[in-house]
Structures are given as C-alpha cells and as structure tokens.
There are 2 protein chains.
Amino acid sequence: MTSEAEFVAALLASIPSDPRLEVPAGDDAAVLRPPAGRRTVVTVDMLMEGVDFILGHDCPPEAVGRKSLAVNLSDLAAMAARPEAAVVAVALPRQHGDTLGHGIQRGIAALAAEFGVALAGGDTNSWDGPLVVSVTALGSVAPGAAWRRDGAKVGDLLVVTGPCGGSLLGRHLAVRPRCREAAAIAAAYRVHAAIDVSDGLSLDTARMMASSGLAAVLDLAAIPIHADAVRMATLPGDGRSALEHALGDGEDFELVLALPPDEARRLVVESPSLADGAAFTIIGEVVEGAGLFAGTATGERVPLEVRGFIHALDTPNA
Amino acid sequence: MTSEAEFVAALLASIPSDPRLEVPAGDDAAVLRPPAGRRTVVTVDMLMEGVDFILGHDCPPEAVGRKSLAVNLSDLAAMAARPEAAVVAVALPRQHGDTLGHGIQRGIAALAAEFGVALAGGDTNSWDGPLVVSVTALGSVAPGAAWRRDGAKVGDLLVVTGPCGGSLLGRHLAVRPRCREAAAIAAAYRVHAAIDVSDGLSLDTARMMASSGLAAVLDLAAIPIHADAVRMATLPGDGRSALEHALGDGEDFELVLALPPDEARRLVVESPSLADGAAFTIIGEVVEGAGLFAGTATGERVPLEVRGFIHALDTPNA
C-alpha cells in the first residue's frame, strides 16, 4: 500500500511542466494561460471497467489511460479545436490501485506529449468498486470556427477520414485522434459540419443529419472498410458482413465531415496531412428529408437501418 | 427504461442557455467564450457512492448533484477564481438510472444557477456498478491573481472563513462554496496563500504550510467550532472533543487564508460579504519551520498531530 502523500507526490512529479500553466497541478485548481483571441472548447468522457474496457493482458492500464485521453482528443478534433490541456479523475480499485494509477498516468502522459496537451491536474480516489477514469479535455479554436453537427447543407458531400469497423479487435485501445488531420482540413477547406465516429459510422452520421435537419444518402460501395471489419466478419458465428461492421461497430474515431461538393472533391484529391491509416473518402451526399438512405446503382434510395452502440441509458454525448 | 435519445434530449432541454456558450452542450464538445484578458482555472472532483455519499432518505440524488458541483466551486473559491462553466460525467446504476440522472441534474442546475455557472455538457453512462459523478469546473481569474498554496510568508496570520467540524451530520451535502466571500476578499485584501478545507482544518492548513515551506502555530482557543462538532462530540461512543472534530473532520469547505497581520486584522474587522454562516476568524500565525504547532498561553509551542481524511490511495488533489 502506498500512502496518499507518496502516491500524489509521485504522480505530480511525473507530470511535465508546461508554459501554458500559470499554476500547475497540485494546488486546489490549475491556472491556464488561454491563447489570446480564441474560444475554449471543453469535453468530458468517462470510461468504466467492464463497459469500455476489460483490464487484462490485451488491455494494460497504460492502454486505458491512453484511450481515456484519446476519445476526448477525438471530440476536440470533431470541433476543429487544437488540444490544450486535460484533467483526469480516477476511481481506483483498492487492490493494485497504485500500480493501476501509475499505469494509467503513463498512458495519458505519453499521448499528452504526442499531442501537445498540458496535464493540469486531477482527482485520485480509491474504492471497492471497478476502475473508472474520467478525462476532461480543453482545446481552443478561433471564434466562429468550431465545426458543429448542425451545419450540413443540401448538396454537401460526406467525407470520412479513414476505414471503419472491427475496432473491438484491438484498435479501440489504440485510437488515433484525428487532431492533425482536422487542423489541416480546417486551415484549407470549408467544412459545414463534423462529428467523430464513436458509436458507429451510420449512427453518428445519422446524428449529424438529425442535428442539421436533413438526410443523407450513403454510397455503400464507397464505405471504406477496415481490415479488422473483414477479419471480424470471418470469425465463426459472427453472422455479419464486413460492411455491416464498418457501418455499425463504432469506436473508429474517424471524422465524418460535410463539405460543399467541390471542396469535398478537392479534399480527397489533395488529402493533406495523412498519417496512421487516414484516407479521405467520399461516402455519400446530404439531401432534404430525415434519416439515412442507401443509394442504388439506378439512382433509387432505400432506407438504411441505423446501427451502432445504443442501449438504454448508455448515452455518450457532448 | 428510457432510451438514450429520450434521456439525453430531456437532459439537454433542462440545461439553460448561456451567452458564454458559442456552441452549447449536445455537440461533440462545447465552445466557450472566455472572458478577455483572464486566465482559465480548472479543477475536477469525482464523488463515488459509498465513499463520498450514501444514497437514501437523507441523501437524494439532488444532494449528490449539488455536492458534486459545490466541491469544485470551493476549489475555485480557494484560487480566488470566478466560476464560469462546468461539465459533468456520470456512471449511473442501471436500476433507476434515469430517475437518478435527472435528480443529479436538478441538483447541479440549481447550484449552477445560484453561482452563475454555465452548464457546458457532459457524458452520461450506465453500468452495473455504483453511482459515480465527476464534475469539472472552469473559472477565471486575472493574470497573477490566483491564490496559491505556496505563498504564505513568515508573520502572516491565518484566517478561516467559518466554523468547522461535524459536517457528516449533514452539512457535507449542503456545502456553501465561499465563492462570493473569496471575490470580496480578493478585491480588497492582500492574500498570500489559500486552501479550502476539504479533508480537515489541520490537514489542509498543514498542506498549505508544506507547500509554502513553513510552519503554523494555531491558537486552539480561537478555532471556530461548528455547532455540529459540539453535537457530534456528545454522541454516545464518539470519544472526541468538539475541538478535535473542528480540526479533523473535513468537508467543511471553508477557506484558510494567509495574510499579512494588518490585512488579516482589517479583514476580520470589516468582514465583507458575510453570509450563510461565514465568519472570519484569526486562528494562528505562520512561522519558520515545518508542521503544525499549538501555541500555549505561556508562548510555548507544542507539536500538533495533524488529523484529517487520509487513507491509503484516497487522494483528493488539484
């Protein structure tokens, strides 16, 4: 067992200093110097053991820490926001709590360093329950420049930033938040609306359309299918196609963007800042109406069942 | 059972709009207009069922929601920061999850309205575990104006903003964060250091002294003892004095401030912005050395045992 003082001292010592912090972690609160003339973007995601991850050989605490920050950075990317800072609250099981806590911290710190995130503090607790990690990320964006869900317009083309499906095979623990891609796109293209694919390509696209008060026609032949989706479809007893996995699995953390047609085509041709499996693909078009449709070769539209990670009261938002 | 869409829609509908929000809750992240020329102050606290509260007749979900925001506002007060916004992440037990969720939201919204906090979004989840609520609060403060723990100077007097002890009798669920008192003090007095009493008057004072690299001599006769501390000391089998409760119970959420002697005396005489049981009292003096001491009538110093809410890996910080 570690004493509180030792544990917190070790945690604080492991947090690198950052010029954006006027008062670093360890006081009652952290004080940040916000970048002048920009808006503050804020998002929070809570991950729970047994729901969002199962600790084990394939999922060490470092992976939990990494994912807990990554899903928040993905939300910032979906707003075209630059990551600035994060705070972390954890509930650690008493057993092996210090090992878990340090592992989580290492996973968070590594991704924070990679994406320029200042770690600004946290709240460490222990209890007799399962592991819970809640990260709040702060970003910044120029006034009026944040991408929203509700800005899609009729005629816009939908672009996804990478292949989807099968993330449960392990990719959901190695999320590549599309922050750099978002920055490159925001700098040079006119984006009307955006969302990140946390709960499923079709579900999150449907959410963007519902917010915008419009419908989308997807070109099913164009949906980029991840190799993991293909692999999952071949597993004994899976019973779903690779395309179904791509449309419904979720935790891909790619972005879906709505852009005017010429901007979308230019984006796909120029494909700026591609890395880590990113590939920009036009997957459909925004139309009048509500819901999602599949376009057929003969130009007809068939209603598409929206699939994704939905269950009662399990509600990722903001 | 409530569907995700219904639950989130109801939650979002209950959140009042705020001019500080350029993009309100419900998108991938919220976008805030930070006040010009000020720093951003950020703090997070996670409350867990069975550790920080026990749901029941005396503790409805509204009280949990209220407390989860109040403890964060207390941290902002301890930095002399003005509350601006908050985000909330919850893990709801599946049983009665929607009732719990709405109750928590009501408790948070009521306190947010009272203290001018813009609710900027959240993350709602359900699971088979106990209730967990994590609130992240954002505040603002002028550059260089945040109160820190490490600024106490030899000769400073220590002032506490109200009586301590016995909060477990119910006061810990009706926290009055000292935001208004902090604003009034920051506007007119020179404060060298501050901390809020979350884990015990003696423990938190000792933390401030440790951060400042100094010691404190407390005048035990001057410690303001809450009526609840007196009441607890009379409970059968309690075995502690009212003073011990005042020094060690914690969850008082009063502020301890270190000020130059003349400033401290002026503060106590003028006592600005007092409300809700606040009363400014000089309780001791900052001296060279380390640790806490009790001053005797003959001017001697006796080492004081630091008491408070400490257990292995239970580490409130930031």
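In what follows, the accompanying structure is described. (Residues numbered from 1 in each chain as written. Chains lettered and ligands numbered in written order. Predicted model: local features only at pLDDT ≥ 70, side-chain atom pairs only at ≥ 80, totals over all residues. Heavy atoms only, no water.)

1. As for the sheet that holds strand β3 (residues 39–48) of chain A
Sheets are built from strands paired through backbone hydrogen bonds, the pairs being either parallel or antiparallel.
Working step 1: Strands sit in the order β5(A)-β4(A)-β6(A)-β3(A)-β2(B)-β1(B) across an open sheet of six strands; the sheet is mixed. Here the strands that pair on one side only, and so sit at the sheet edges, are β5 (118–127) of chain A together with β1 (21–23) of chain B. The mean inter-strand angle of the sheet, taken between neighbouring strand axes irrespective of direction, is 25 degrees.
Working step 2: With eight bridges connecting them, strand β4 (residues 82–93) of chain A and β5(A) associate as parallel partners. By the bridge assignment for β5(A), Val90(A) is matched with Thr124(A).
Working step 3: Across the face of the sheet, helix α2 (residues 61–78) of chain A comes into contact with β3, β4 and β6 (132–141) of chain A while running at roughly 145 degrees to β3(A). (Pairing = 2+ DSSP bridges. Helix = DSSP H or I, 4+ residues; strand = E, 2+ residues; numbered from the N terminus. Axes fitted to C-alpha atoms, helices over the stretch in contact; angles between N-to-C directions. Contact = heavy atoms within 4.5 Å.)

2. Looking at helix α4 (residues 179–188) of chain B
Working step 1: Within α4(B), burial applies to Cys179(B), Glu181(B), Ala182(B), Ala184(B) and Ile185(B).
Working step 2: Looking at the buried residues of α4(B), the elements they touch are α2 (61–78), β4 (82–93), α3 (97–115), β10 (255–259) and α8 (261–270) of chain B. (Buried < 20%, exposed > 50% of the residue type's maximum accessible area, 1.4 Å probe, protein only.)

3. Considering the side chain of His226(B)
Residue and element names in this part refer to chain B.
Working step 1: One can find histidine 226 in the loop between β9 (215–218) and α6 (227–233).
Working step 2: Histidine 226 sits in the buried class, given a relative accessible area of 18%.
Working step 3: When neighbours within four sequence positions are excluded, histidine 226 is seen to be in contact with Pro163, Cys164, Gly165 and Arg171.

4. Some remarks on the pattern of salt bridges
Residues and elements named next belong to chain A.
Working step 1: Counted by the stated rule, this structure contains 42 salt bridges over all chains.
Working step 2: A salt bridge links glutamate 84 to arginine 82, with the shortest nitrogen-to-oxygen separation between them at 3.0 Å.
Working step 3: Glutamate 270 is the salt-bridge partner of arginine 266, the closest N and O atoms lying 3.3 Å from each other. On the criterion of helical spacing, the pair formed by arginine 266 and glutamate 270 is a turn pair, its members being four residues apart in helix α8 (residues 261–270). (Salt bridge = Lys/Arg side-chain N within 4 Å of Asp/Glu carboxyl O.)

5. Some remarks on the side chain of Asp75(B)
All names here are of chain B.
Working step 1: By secondary structure assignment, the location of aspartate 75 is in helix α2.
Working step 2: Of the side chains with opposite charge, arginine 149 comes closest to the buried, unpaired aspartate 75, at an N-O distance of 5.8 Å.
Working step 3: Engagement of the side chain of aspartate 75 in a polar contact is seen with the side chain of threonine 43, the distance being 3.3 Å. (Lys, Arg positive; Asp, Glu negative; His and termini not counted. Polar contact = N/O pair within 3.5 Å; in protein donor to acceptor, adjacent residues only side chain to side chain.)

6. Looking at the pairing of β10(B)
Residues and elements named next belong to chain B.
Working step 1: Of all five residues in β10, five are buried; the element is thus mostly enclosed.
Working step 2: On β10, burial covers both faces: Leu255, Leu257 and Leu259 on one face and Val256 and Ala258 on the other are all buried.
Working step 3: Bridging between strand β7 (residues 157–160) and β10 involves four bridges; their strand directions are antiparallel. Across the sheet, residue valine 160 finds its bridge partner in β10, namely valine 256.

7. Here's the deal with the pairing of β7(B)
Residues and elements named next belong to chain B.
Working step 1: Burial along β7 is two-sided: the residues Leu157 and Val159 and Leu158 and Val160 are all buried.
Working step 2: Relative to strand β11 (residues 281–287), β7 runs antiparallel, the two sharing four bridges. Of the residues in β11, the one forming a bridge with valine 160 is threonine 281.

8. Section: the packing of α2(B) against α3(B)
Residues and elements named next belong to chain B.
Working step 1: The N-to-C vectors of α2 and α3 enclose an angle of 40 degrees; their axes lie 6 Å apart at closest approach. Here α3 runs oblique to α2, going by the angle between their axes. For the pair α2 and α3, the sense of crossing is right-handed. Along the contact surface, α2 presents Pro61, Glu62, Gly65, Arg66, Ser68, Leu69, Ala70 and Leu73, while α3 presents Leu100, Gly103, Ile104, Arg106, Gly107, Ile108, Leu111, Ala112, Glu114 and Phe115.
Working step 2: Per-class residue counts for the contact of α2 with α3 are 10 nonpolar, four polar and four charged. (Parallel < 35°, antiparallel > 145°, perpendicular 65-115°, else oblique. Left-handed = near helix turned anticlockwise from the far one by under 90°. Nonpolar A, V, L, I, M, F, W, Y, C, P; charged D, E, K, R; others polar.)

9. Observations regarding the interface of chain B and chain A
Working step 1: Opposite the 77 residues of chain B that make contact, chain A presents 77 residues.
Working step 2: For the pair chain B and chain A, the summed buried surface comes to about 6,400 Å²; carbon and sulfur atoms form 58% of the total.
Working step 3: Here Glu22(A) makes a salt bridge to Arg39(B), at a shortest N to O gap of 2.6 Å.
Working step 4: At the junction of chain B and chain A, the tally comes to 21 residue pairs in polar contact (both at pLDDT 80 or more).
Working step 5: Here the side of chain B that touches chain A is composed, by residue class, of 43 nonpolar, 16 polar and 18 charged.
Working step 6: By the bridge criterion, three bridges tie strand β2 (residues 30–32) of chain A to strand β3 (residues 39–48) of chain B in an arrangement that is antiparallel. Within β3(B), the residue paired with Leu32(A) across the bridge is Thr40(B). (Buried area = accessible area lost by both parts, 1.4 Å probe.)

10. Topic: the packing of aromatic side chains
Working step 1: Taken as a whole and judged by the stated rule, the model has one aromatic pair over all chains.
Working step 2: Between Trp127(A) and Trp127(B), the ring centres sit 6.5 Å apart and the planes meet at 20 degrees, which makes this aromatic pair stacked. Taken together, the residues Trp127(A) in strand β5 and Trp127(B) in strand β5 (residues 118–127) connect one chain to another. With respect to burial, Trp127(A) and Trp127(B) carry one shared label: buried.
Working step 3: In this structure, Arg180(A) packs its charged tip against the face of Phe115(A), placed 4.6 Å from the ring centre. (Phe/Tyr/Trp six-rings, centres within 6.5 Å; stacked < 30°, edge-to-face > 60°. Lys NZ or Arg CZ within 6 Å of the ring centre and 35° of its normal.)

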